[in-house]
Amino acid sequence: MGKDVIVACDFSSAEQTFAFLDKFTGRKPFVKIGMELYYAEGPEIVRQIKARGHKIFLDLKLHDIPNTVKKAMAVLRNLDVDITNLHAAGTTAMMQAALEGLTRPDGTRPLLIAVTQLTSTDAAALKNELLIDTPMAETVLSYAKNAAASGLDGVVCSPLEAALVKERCGADFLTVTPGIRFADSAAGDQKRIMTPEKAGKSGCDYIVVGRPITQAEDPVAAYRRAVKDFLG
Ligand code: C5P
C-alpha cells in the first residue's frame, strides 16, 4: 500500500456515516472507523463500508493481556480490514500475541500498527500519573522500536515525529499521522498540527484527517484538496 489520506469517520450512527460517504461518487476514501462508530453499530458497519469499496483502518486500540488480545485479533481478522491497531504499552508479549491472532490460516493479515503515547497525554501526565521519567520523545521512539521488534508494520504518531520514527525503525516502518490541518482550518483540540502538504514531505505514509473534511462545507472538495496537497 502506498501513501494515502484516511478520513476519520467519527460519527455515532450508520445513518450519519452513509449520508457522509454517499457524497463521494468518485474516488472512494480510505476510511477510519473508531470506537464511537464501532461500538454504536458493531461489526456490521465494517462489512457495509467494505462492501461499498472503501479501504478500512479499524482504530480500536486494543490493550489487554496477551491471550485476550490474541483472541480478539483472531475475531477481527475475519472483518478483512486493511489496518488495525493496539497500544504499544501492552508490551512486546502482547504485540507478538496480537500478530499471531491476526494472521489468517493462509498467512495473510491486515497491517498492524501501534499507538505509542496518546497525543492527549502531556509531559506532566507522563511523569506524574504514568510515572515515566523518560522524556516524551524518547518514550515514543522506544515504544516504536518495541513495535518494530515485535514485527508490527508501523505506528500512529504525530506528523512531527514521523521522520524520526523512520530514522530509528527503518524507512519501511509505516507512520500513520493524525493532527492534520489545512493552513486555514480550525485546530480544534489538536495541538501539534501539520498541513497535508508538509506531512507529505515529512515521512508520513498515511495522514488521518477528521473534522477538516467531515465538518467542511464541501467535504468532497476538502478531501480532494487533502489528497492533492499530500500526494503532491
Ligand atoms: O478531527 P481530527 O482531524 O482531529 O481527527 C483525528 C482523528 O485521529 C480522530 O479520530 C482521533 O481520535 C484520531 N487520533 C488522534 N490522535 C491520536 C490517535 C488518534 O487524533 N494520537
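Right above here is the structure, for reference.
Residues numbered from 1 in each chain as written. Predicted model: local features only at pLDDT ≥ 70, side-chain atom pairs only at ≥ 80, totals over all residues. Heavy atoms only, no water.

Concerning the overall build of the protein chain
Argument step 1. The number of helices and strands found in the protein chain is 11 helices and 8 strands.
Argument step 2. By the compact-globule yardstick of 17 Å for 232 residues, the protein chain fits well, its C-alpha radius of gyration being 17 Å.
Argument step 3. With respect to the three principal axes, the spread of C-alpha positions in the protein chain is 45 × 40 × 30 Å.
Argument step 4. Put simply, the protein chain has 232 residues, and 50% of those count as buried.
Argument step 5. Within the protein chain, residue pairs in contact and separated by at least 24 positions form 66% of the contacts whose partners lie at least 6 positions apart.
Argument step 6. Side chains of the protein chain give 28 positive and 28 negative charges; the mean places of these two sets differ by 3 Å. (Helix = DSSP H or I, 4+ residues; strand = E, 2+ residues; numbered from the N terminus. Rg over C-alpha atoms; globule rule 2.2 N^0.38 Å. Buried < 20%, exposed > 50% of the residue type's maximum accessible area, 1.4 Å probe, protein only. Contact = heavy atoms within 4.5 Å. Lys, Arg positive; Asp, Glu negative; His and termini not counted. Charge placed at Lys NZ, Arg CZ, Asp CG, Glu CD.)

As for the layout of surface pockets
Argument step 1. When its volume is computed, the largest pocket comes out at roughly 1100 Å³.
Argument step 2. In terms of lining, the largest pocket is formed by 40 residues, of which the most central are Leu118, Thr119, Ser120, Pro178 and Gln190.
Argument step 3. At the level of elements, strand S2 (30-34), helix H2 (35-41), strand S3 (56-62), strand S4 (83-87), helix H7 (136-149) and strand S8 (206-209) are the ones that each hand at least two residues to the lining of the largest pocket.
Argument step 4. In terms of residue count, S3 provides more of the lining of the largest pocket than any other element does, 3 residues in total.
Argument step 5. Counted by class, the lining of the largest pocket contains 16 nonpolar, 12 polar and 12 charged residues. (1 Å grid on protein atoms, 1.4 Å probe; cavity = no way out; pocket = protein on both sides within 12 Å on 5 of 7 lines; lining within 4 Å. Points joined across faces, edges and corners; volume = space filled by probe spheres on them. Nonpolar A, V, L, I, M, F, W, Y, C, P; charged D, E, K, R; others polar.)

Details of the site of the ligand
Argument step 1. As a structural note, the neighbourhood of the ligand is formed by 13 residues, with Asp10, Arg181, Gln190, Gly210 and Arg211 the closest of them.
Argument step 2. At a separation of 2.9 Å, an oxygen atom of the ligand approaches a polar side-chain atom of Lys32.
Argument step 3. Calculation on the ligand without its partners gives an accessible area of 470 Å², and the protein chains cover 84% of this total.
Argument step 4. With respect to the pocket detection grid, the ligand is positioned in the largest pocket.
Argument step 5. For the shell around the ligand, the secondary structure elements donating two or more residues are S8 and helix H10 (211-214).
Argument step 6. In terms of residue class, the shell around the ligand is made up of 5 nonpolar, 3 polar and 5 charged. (Near = heavy atom within 4 Å. Polar contact = N/O pair within 3.5 Å; in protein donor to acceptor, adjacent residues only side chain to side chain. Areas by Shrake-Rupley, 256 points an atom, 1.4 Å probe, with all protein chains shown as cover. Sits in = over half its atoms within 2 Å of the grid points.)

What about the side chain of Thr177?
Argument step 1. Inspection of the secondary structure puts Thr177 in strand S7 (residues 174-177).
Argument step 2. The class for Thr177 is buried, based on a relative accessible area of 0%.
Argument step 3. Beyond its immediate sequence surroundings of up to four residues, Thr177 is in contact with Cys157, Ser158, Pro159, Ala162, Cys204, Tyr206, Ile207 and Val208.

Some details on the nonpolar core
Argument step 1. Ranked by internal contacts, the top residues of the largest apolar core, which has 61 residues, are Leu86 and Ile213.
Argument step 2. At 6 residues, the largest contribution of residues to this core is made by helix H11 (residues 219-231).
Argument step 3. With residues up to four places along the chain from it excluded, the contact list for Ile213 reads Val5, Val7, Phe20, Phe24, Pro219, Ala222, Tyr223 and Ala226.
Argument step 4. Formed by 12 residues, the second largest nonpolar core is a distinct cluster that contains Phe57, Ile83, Val115 and Tyr206. (Core = buried A, V, L, I, M, F, W, Y, C linked by side-chain atoms within 4.5 Å.)

Things to note about the packing of aromatic side chains
Argument step 1. If you walk through the whole model with that rule in mind, you get 5 aromatic pairs.
Argument step 2. Between Phe24 and Tyr223 the ring centres are 5.5 Å apart and the planes differ by 85°, which places this aromatic pair in the edge-to-face class. Taken together, the residues Phe24 in the loop between helix H1 (14-21) and S2 and Tyr223 in helix H11 connect sequence positions 199 residues apart. The pair Phe24 / Tyr223 is uniform in exposure class, with both members buried.
Argument step 3. Ring geometry for Tyr38 against Tyr39: centres 6.3 Å apart, planes inclined by 65°, an arrangement best described as edge-to-face.
Argument step 4. Residue Tyr38 is classed as buried on the basis of its relative accessible area of 13%.
Argument step 5. Through pairs of rings, three or more aromatic residues link up here, namely Phe11, Phe20, Phe24 and Tyr223.
Argument step 6. In this structure, Arg225 is placed above the aromatic ring of Phe182, and the distance from its NZ or CZ to the ring centre is 4.1 Å. (Phe/Tyr/Trp six-rings, centres within 6.5 Å; stacked < 30°, edge-to-face > 60°. Lys NZ or Arg CZ within 6 Å of the ring centre and 35° of its normal.)

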